[in-house]
Amino acid sequence: NAKSNNLVTYYVNPSGAIYYLPWSAAATGAGPNDVTVSDNNLFVYNINSGDHSITEFIRGDAGTLKPIGTVTSIPSFAAGIVAN
């Protein structure tokens, strides 16, 4: 959510139904514009174009995202993020 500077999560159940989890909003840096999840599904990263940073999260219970760090001074031309 670029205007509100946060990420929200959704739950997909085994049958494919998608549910919005309104309690799960996690604060990001300014202007989040891309997000990726680590291969092990444990970590979430987003790049913020407004303040040129990357916010790092660990996934918690019930879709929550707990902030674990921020990387600053990302080049202003960075436009996306990929995790391995």
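Conventions we followed
Residues numbered from 1 in each chain as written. Predicted model: local features only at pLDDT ≥ 70, side-chain atom pairs only at ≥ 80, totals over all residues. Heavy atoms only, no water. Helix = DSSP H or I, 4+ residues; strand = E, 2+ residues; numbered from the N terminus. Buried < 20%, exposed > 50% of the residue type's maximum accessible area, 1.4 Å probe, protein only. Contact = heavy atoms within 4.5 Å. Areas by Shrake-Rupley, 256 points an atom, 1.4 Å probe, with all protein chains shown as cover. 1 Å grid on protein atoms, 1.4 Å probe; cavity = no way out; pocket = protein on both sides within 12 Å on 5 of 7 lines; lining within 4 Å. Points joined across faces, edges and corners; volume = space filled by probe spheres on them. Nonpolar A, V, L, I, M, F, W, Y, C, P; charged D, E, K, R; others polar. Phe/Tyr/Trp six-rings, centres within 6.5 Å; stacked < 30°, edge-to-face > 60°.

K.L.:
So, the overall build of the chain: which residues are in play, and what are the values?
P.N.:
Looking only at helices and strands, one finds 0 helices and 6 strands in the chain. Each helix and strand of the chain, placed in order from N terminus to C terminus, yields the pattern β-β-β-β-β-β. Seen along its three principal axes, the alpha-carbon backbone of the chain occupies a region of about 40 × 30 × 20 Å. Residues classed as buried in the chain amount to 30% of the 84 residues present. Within the chain, contacts between residues at least 6 apart in sequence are counted, and of these 31% link residues at least 24 apart. Approximately 5,300 Å² of the chain is accessible, and the part contributed by carbon and sulfur atoms is 56%.

K.L.:
Pulling in residues and values, what's your account of the layout of surface pockets?
P.N.:
Its boundaries defined by the atoms lining it, the largest pocket holds a volume of some 270 Å³. Residue assignment for the lining of the largest pocket shows that the elements contributing at least two residues are strand S1 (6-12) and strand S3 (32-37). Here the lining of the largest pocket gets 6 residues from one element, more than from any other, and that element is S1. Split into classes, the residues belonging to the lining of the largest pocket amount to 11 nonpolar, 3 polar and 1 charged.

K.L.:
So what's going on with the packing of aromatic side chains? Which residues, and what values?
P.N.:
Counted by the stated rule, this structure contains 2 aromatic pairs. Taking 5.5 Å as the distance between ring centres and 45° as the angle between the ring planes, the aromatic pair formed by Tyr-10 and Tyr-20 counts as tilted. Taken as a pair, Tyr-10 in strand S1 and Tyr-20 in strand S2 (residues 18-27) lie far apart in primary sequence, 10 residues in all. Taking the centre distance of 6.5 Å and the plane angle of 25° together, the rings of Tyr-11 and Tyr-19 count as stacked. Given a relative accessible area of 43%, Tyr-11 falls into the partly exposed group. For Tyr-19, a relative accessible area of 42% puts it in the partly exposed group.

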